Amino acid sequence: METRSPFGELHVIVGPMFAGKTTELLRRVQLESGNGRKVAIIKSNKDIRYGLDSIVTHDGAKFPCWALPDLLSFSAKFGADEYEKVDVIGIDEAQFFEDLYEFCCKAADHDGKTVIVAGLDGDYLRRSFGSVLDIIPLADSVTKLTARCELCGKRAFFTLRKTQETQTELIGGADVYMPVCRQHYVNGQVIIEAARSVLEPQRVQCDPYVKAAPLSN
């Protein structure tokens, strides 16, 4: 019987939304499972779009998973004996885990696990999202996937938010986000900012809870 090395591996998959990150994560995990390795997948319990007990790709592929608020609780939730037997750990939507860096260090450097991480490298403002970029220096490999620009068909590296919300964490699908190339990201941001400046005064004006100023006699 092959003895597991005391040192593991870390592989990171990044890219914009709709780039196939979850599909690639599942492909790799299923390949490892097919080679006889024991696998487990974790996702954030913030993502409830398709239920909590599975990860689902945008084209409908499913795989059972653990939905957790953090990663360092995984061994306790899974059970110490079962955790010891796991060879490969997949992490989806990694940008939502604040303890991503600590977990990857522990699992790959000390527990001998192969960790495969999929997540957004940037938010809708093209700024670092969560701790995904922090684990790049730890990684054995980094794969950046691209999508197809929804507006022109070119390679899409960025995620454009179509709605007016401004919080960083806003879970959604094609109703909220679209993958775009650089040209349409820049142009789209200009259009969205212009629309926000027009719509916000209208929203306040139409809000039934905003009292109109009294008319002067």
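Every value quoted in this text rests on a predicted model; they were computed, and no experiment measured them. (Residues numbered from 1 in each chain as written. Predicted model: local features only at pLDDT ≥ 70, side-chain atom pairs only at ≥ 80, totals over all residues. Heavy atoms only, no water.)

*Asks:* Looking at this model, I keep getting lost on the sheet that holds strand β5 (residues 66-68). Mind explaining?
*Replies:* Two modes of strand pairing occur in sheets, parallel and antiparallel, and in both the strands are linked by backbone hydrogen bonds. If you walk across this open sheet you meet the 6 strands as β5-β2-β6-β7-β1-β8, and the pairing is parallel. The two strands at the open ends of the sheet, each matched to only one other strand, are β5 and β8 (141-144). Each adjacent strand pair in this sheet contributes to an overall mean axis angle of 20 degrees, direction not counted. Of the strand pairs in this sheet, strand β6 (residues 88-92) and strand β7 (residues 114-119) are connected by 4 bridges, and their pairing is parallel. In the strand pairing of β7, Ile91 is matched with Val117. On the sheet, helix α4 (residues 100-110) packs against β1 (9-14), β2 (39-44), β6 and β7 and is oriented at approximately 155 degrees with respect to β7. (Pairing = 2+ DSSP bridges. Helix = DSSP H or I, 4+ residues; strand = E, 2+ residues; numbered from the N terminus. Axes fitted to C-alpha atoms, helices over the stretch in contact; angles between N-to-C directions. Contact = heavy atoms within 4.5 Å.)

*Asks:* What am I meant to see in the packing of aromatic side chains here?
*Replies:* Centre distance and the angle of the planes are the two values used to describe a pair of aromatic rings. Using the criterion set out here, one finds 7 aromatic pairs in the structure. With a centroid separation of 5.0 Å and 15 degrees between ring planes, the pair formed by Phe74 and Phe78 is classed as stacked. Of this pair, Phe74 and Phe78 both sit in helix α2 (residues 74-78), separated by 4 residues, roughly a single helical turn. What makes Phe74 buried here is its relative accessible area of 0%. The exposure class assigned to Phe78 is buried, which follows from its relative accessible area of 17%. Ring geometry for Phe96 against Phe129: centres 5.9 Å apart, planes inclined by 90 degrees, an arrangement best described as edge-to-face. Taken together, the residues span a long stretch of sequence, with Phe96 in the loop between β6 and α4 and Phe129 in the loop between β7 and β8 at a distance of 33 residues. (Phe/Tyr/Trp six-rings, centres within 6.5 Å; stacked < 30°, edge-to-face > 60°. Buried < 20%, exposed > 50% of the residue type's maximum accessible area, 1.4 Å probe, protein only.)

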